[in-house]
Amino acid sequence: MDKLIITVAAVGAEVTKKDNPNLPVTPLEIAEEAQRCAEKGASIIHLHVRDGDGNPTQSKEVFAETIRLIKERTNIIIQTSTGGAAWMSGEERLQPIELKPEMATLTTGTVNFGAELFSNPTPMVEQFAKKIVENGVKPEIEVFEVGMINNALNLVKKGILQLPLHFDFVMGVPGGIPGEPRHLLHLVESLPAGCTWTVAGIGRYELSLGTLAILLGGNVRVGFEDNIFYAKGVLAQSNGQLVERMARLAKELGREVATPDEARKILHLI
Ligand code: KMH
Ligand code: ZN
């Protein structure tokens, strides 16, 4: 079994400091959090950024400044979001790709997202995929429903993307695939051989699905974008605390944790 890749989704677009005062929002706070998480075992940061008021933005400039500060501190793999916030336009969402990050997300379908609609019509997904590939960026396919795997494989058939792909199963979003273990097993069984995967369990599913992924040979995403609690009713003190717990669980279960360079090899980034 490969070593475990832990991704930290440290910021997101929906959570606020009111929800958890420990949420990093400025470029410096995010960079310091990235360093803390890397020290605890994270090898990828899934990156969203915020404007001066703490609201989600896909501004290329804010991404550039945040990435600069992260790279000064750690060699963690930077995976920029192209999802942004549900209300953003496609053009807005695509901006960070021009910075040629090592990785970026690509959601391959539309899903209800709580009370909002996270809109990704097929022509837009194709446009995003082409832009990601043109800039030499490794996509992570964000799967909120099982049909999104097939949509990604259609992009392979069209010659836009290439196998092996790396997937992230986002499970437990109200409106998307539920967070029960049987759904994760079905998603994993639906992948072509050689593909890699991560699971991002939302809320209370973060811990249960993450543990299952460690056992199944998958990878894990934790962080405030998905879950702001350490335990029921107890806010997490930092993203690092959530990373540390997942690394500790992996160790207990006999799975080693990958460094960023080991993750680069597993994901064929180098
Ligand atoms: N904020 C969600 C609407 C991604 O980063 O690629 C979309 C999202 C997915 O977070
Ligand atoms: Zn995201």
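Residues numbered from 1 in each chain as written. Chains lettered and ligands numbered in written order. Predicted model: local features only at pLDDT ≥ 70, side-chain atom pairs only at ≥ 80, totals over all residues. Heavy atoms only, no water.

The name recorded for the protein in an unreviewed UniProt entry is 3-keto-5-aminohexanoate cleavage protein, from Formimonas warabiya. Per UniProt, the protein carries the Cofactor (unreviewed entry) text "Zn(2+)". (UniProt positions renumbered as here; feature names shortened; annotations may be inferred.)

Residues Ile-45, Leu-47, Ile-70, Leu-106, Phe-167 and Phe-169 are the most contacted members of the largest nonpolar core, which totals 74 residues. Setting aside residues up to four positions removed in sequence, Phe-167 forms contacts with Glu-140, Ile-141, Val-143, Ile-149, Ala-152, Leu-191, Cys-195, Thr-196, Trp-197 and Thr-198. Counting eight residues, the second-largest nonpolar core is a separate cluster that includes Ile-5, Ile-44, Ile-77 and Leu-267. (Core = buried A, V, L, I, M, F, W, Y, C linked by side-chain atoms within 4.5 Å. Buried < 20%, exposed > 50% of the residue type's maximum accessible area, 1.4 Å probe, protein only. Contact = heavy atoms within 4.5 Å.)

Here we come to the coordination of the zinc ion (ligand 2). Taken together, His-46 (NE2), His-48 (NE2) and Glu-225 (OE) make up the protein donors of the zinc ion (ligand 2), found 2.1 Å from the metal. Between consecutive donor residues of the zinc ion (ligand 2), the sequence gaps follow H-x1-H-x176-E. With a gap of 177 residues between them, His-48 in the loop between strand S2 (42–47) and strand S3 (49–50) and Glu-225 in the loop between strand S12 (219–222) and strand S13 (229–231) connect regions that are remote in the sequence. Given a relative accessible area of 5%, His-48 falls into the buried group. On the accessibility criterion, Glu-225 (19% relative accessible area) is buried. (Donors = N, O, S within 2.8 Å, 3.2 Å for Na, K, Ca; no water. Helix = DSSP H or I, 4+ residues; strand = E, 2+ residues; numbered from the N terminus.)

What follows is about the packing of aromatic side chains. This structure, assessed with the given rule, holds five aromatic pairs. Arranged with centres 6.4 Å apart and planes meeting at 25°, the rings of Phe-167 and Phe-169 form a pair that is stacked. For Phe-169, a relative accessible area of 0% corresponds to the buried category. Taken together, the ring pairs in this structure connect Phe-113, Phe-118 and Phe-144 into an aromatic cluster. (Phe/Tyr/Trp six-rings, centres within 6.5 Å; stacked < 30°, edge-to-face > 60°.)

With that settled, the discussion passes to the side chain of His-183. Examined against the element boundaries, His-183 turns out to sit in helix H6 (residues 181–189). The exposure class of His-183 is buried, given its relative accessible area of 18%.

Turning our attention to the sheet that holds S12. In spatial order, the strands read S1-S2-S5-S6-S9-S10-S11-S12; together these eight strands close into a barrel with parallel pairing. Looking at each pair of strands side by side, their axes are set apart by 30° on average, direction ignored. Two elements, strand S1 (residues 6–9) and S2, share four bridges in a ladder whose sense is parallel. Note that in S2 the partner of Val-8 across the bridge is Ile-45. Across the sheet, H6 is in contact with strand S9 (138–143), strand S10 (166–171) and strand S11 (196–201); its angle to S10 comes to roughly 160°. (Pairing = 2+ DSSP bridges. Axes fitted to C-alpha atoms, helices over the stretch in contact; angles between N-to-C directions.)

Glu-14, His-46, His-48, Ser-81, Gly-83, Gly-84, Ala-86, Thr-105, Phe-113, Phe-118 and Glu-225 make up every residue found near ligand 1. At a separation of 2.7 Å, an oxygen atom of ligand 1 approaches a polar side-chain atom of Ser-81. Out of a free accessible area of 300 Å², ligand 1 has 97% covered by protein chains. Considered class by class, the residues forming the shell around ligand 1 number three nonpolar, six polar and two charged. (Near = heavy atom within 4 Å. Polar contact = N/O pair within 3.5 Å; in protein donor to acceptor, adjacent residues only side chain to side chain. Areas by Shrake-Rupley, 256 points an atom, 1.4 Å probe, with all protein chains shown as cover. Nonpolar A, V, L, I, M, F, W, Y, C, P; charged D, E, K, R; others polar.)

A few words now on helix H8 (residues 239–252). For H8, spanning 14 residues, the distance from its first C-alpha to its last is 20 Å, which sits close to the expected 20 Å at 1.5 Å a residue. Taken residue by residue, H8 has Asn-239, Gly-240, Gln-241, Leu-242, Val-243, Arg-245, Met-246, Ala-247 and Ala-250 as its buried positions. At its buried positions, H8 is contacted by S1, helix H1 (27–40), S2, helix H7 (205–216), S12 and S13. The N-cap of H8, judged by a side-chain oxygen 3.2 Å from the amide nitrogen of Gly-240 a few residues on, is Ser-238. Positioned one or two residues after H8, Gly-254 has a phi angle of 85°, which is positive. (Expected span 1.5 Å × (residues − 1).)

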